[in-house]
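Results of the structural survey
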Amino acid sequence: MSRENLELVRSIYADWERGDWGSAAWAHPEIEFVIADGPVAFTSTGVIAMRDNWRSWLSAWEGFGMEAQEFRALDDERVLVLHRYVGRAKTSGVRLEEVHADAAIVMHMCNHLVTRLVGYNDRDHALTDLGLEE
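Notes on the structure follow. Quick caveat, the model's predicted, so the values are computed rather than measured.

**Digging into the overall build of the protein chain**
Along the protein chain, the regular secondary structure elements total three helices and six strands. Put simply, the protein chain runs from its N terminus to its C terminus through helices and strands in the order α-β-β-α-β-β-β-β-α. In terms of C-alpha radius of gyration, the protein chain reaches 14 Å, essentially the compact-globule figure of 14 Å for 134 residues. Principal axes of the C-alpha set define a box for the protein chain whose edges measure 45 × 35 × 25 Å. Once local pairs closer than 6 in sequence are excluded, the contacts in the protein chain between residues at least 24 apart make up 52%. Accessible surface, the protein chain: about 7,200 Å² in total, of which carbon and sulfur atoms supply 48%.

**A look at the nonpolar core**
In this structure, Trp16, Trp26, Met107, Val114 and Leu117 are the most contacted members of the largest nonpolar core, which totals 29 residues. Counting residues per element, this core draws most heavily on helix α1 (residues 2-17), at six residues. Judged by nonpolar contacts, the second largest core, of nine residues, contains Val34, Leu80, Leu82 and Val106.

**A closer look at the layout of surface pockets**
One water molecule sets the probe size; rolling that probe over the atoms shows where empty space is left. Counted as a void, the largest pocket has a volume near 530 Å³. What lines the largest pocket is a set of 31 residues, and nearest its centre among them are Phe33, Met50, Asn53, Trp54 and Arg55. If one sorts the elements of the lining of the largest pocket by residue count, helix α2 (residues 47-58) sits on top with ten residues. The class makeup of the residues in the lining of the largest pocket is 21 nonpolar, seven polar and three charged. If you add up the space inside the second largest pocket, you get close to 180 Å³. Lining the second largest pocket are Pro39, Trp57, Ala60, Trp61, Tyr85, Leu96, Val99, His100 and Asn121. A per-class count over the lining of the second largest pocket returns seven nonpolar, two polar and no charged.

**Some words on unusual backbone geometry**
The backbone of Asn111 shows a phi angle near 55 degrees, a positive value even though the residue is not glycine. If you trace the backbone, Asn111 turns up in the loop between β5 (102-110) and β6 (113-120).

**Observations concerning the packing of aromatic side chains**
Under the defined criterion, the tally for this structure stands at 14 aromatic pairs. Ring centres of Trp16 and Trp26 lie 5.9 Å apart, and the angle between their planes is 75 degrees; this geometry places the pair in the edge-to-face category. One end of the pair, Trp16, is in helix α1; the other, Trp26, is in the loop between α1 and β1 (27-35), and ten residues separate them in sequence. In this structure, Trp16 and Trp26 share a single accessibility class: buried. Cluster of aromatic residues (ring-pair linked, three or more members): Tyr13, Trp16, Trp21, Trp26, Trp54, Trp57, Trp61, Phe64, Phe71 and Tyr85.

**Observations concerning the pairing of strand β2 (residues 42-45)**
When a strand is regular, its side chains alternate between the sheet's two faces. Pairing of β1 with β2, which is carried by four bridges, proceeds in the antiparallel orientation. For Val34, the partnering residue across the bridge sits in β2 and is Thr43. The hairpin formed by β1 and β2 contains six residues between the paired strands, and Gly38 there has a positive phi angle of roughly 95 degrees.

**Re the pattern of salt bridges**
Following the criterion strictly, the structure yields ten salt bridges and no others. We note a salt bridge from Glu7 to Arg10, for which the minimum N-O separation is 3.3 Å. One end of the pair, Glu7, and the other, Arg10, are both in helix α1, three residues apart, so they sit about a helical turn from each other. Take Glu7: its relative accessible area is 44%, and that puts it in the partly exposed class. By relative accessible area, Arg10 is classed as partly exposed at 35%. Ionic pairing is found between Asp75 and Arg78, a salt bridge with its closest N-O pair at 2.8 Å. In this structure, a network of salt bridges that share partners links the residues Arg84, Asp102 and Arg123.

The rules behind each value
- Residues numbered from 1 in each chain as written.
- Predicted model: local features only at pLDDT ≥ 70, side-chain atom pairs only at ≥ 80, totals over all residues.
- Heavy atoms only, no water.
- Helix = DSSP H or I, 4+ residues; strand = E, 2+ residues; numbered from the N terminus.
- Rg over C-alpha atoms; globule rule 2.2 N^0.38 Å.
- Contact = heavy atoms within 4.5 Å.
- Areas by Shrake-Rupley, 256 points an atom, 1.4 Å probe, with all protein chains shown as cover.
- Core = buried A, V, L, I, M, F, W, Y, C linked by side-chain atoms within 4.5 Å.
- Buried < 20%, exposed > 50% of the residue type's maximum accessible area, 1.4 Å probe, protein only.
- 1 Å grid on protein atoms, 1.4 Å probe; cavity = no way out; pocket = protein on both sides within 12 Å on 5 of 7 lines; lining within 4 Å.
- Points joined across faces, edges and corners; volume = space filled by probe spheres on them.
- Nonpolar A, V, L, I, M, F, W, Y, C, P; charged D, E, K, R; others polar.
- Phe/Tyr/Trp six-rings, centres within 6.5 Å; stacked < 30°, edge-to-face > 60°.
- Pairing = 2+ DSSP bridges.
- Salt bridge = Lys/Arg side-chain N within 4 Å of Asp/Glu carboxyl O.

Below is the structure:
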C-alpha cells in the first residue's frame, strides 16, 4: 500500500508544481485539512472548507508554488513530503525563497484517498512531531 500511496502523493505534487490547484479528486469528501504552524494555524473538515482555506492562502501570493524535495513513506497510511515554497507576498513583496521556505506536508490515506492533510510551514516542526528530527 505504501508504494501506491507514494505514487498518489507524487501525482498530487506534479499538479501542484505546475500551479494546478484545481483538482481535489484525491481528497476524501470529509478530509481533515490542518495547518499545524505558522502565522495562522487551523483545522477544517471537508473538501469545500479545504478549497476555501487554500484559495485564501493563495490569494496572498504571486507566483506561489511548492517544489518537492523528498517523498517518504512513513508507514502504510502516511506519506511525508519535504518541500520548499516559492513566490512573493503581494502586500510586502517578500520572496519566500529569501526567508524560511523549507516546509512539509504529511498526507494520511485510506482506500486511495487523502483523509488528512497536515501542512507545516516549518519543516523542523514536522520532523519533531513525527519523531524524525534531523
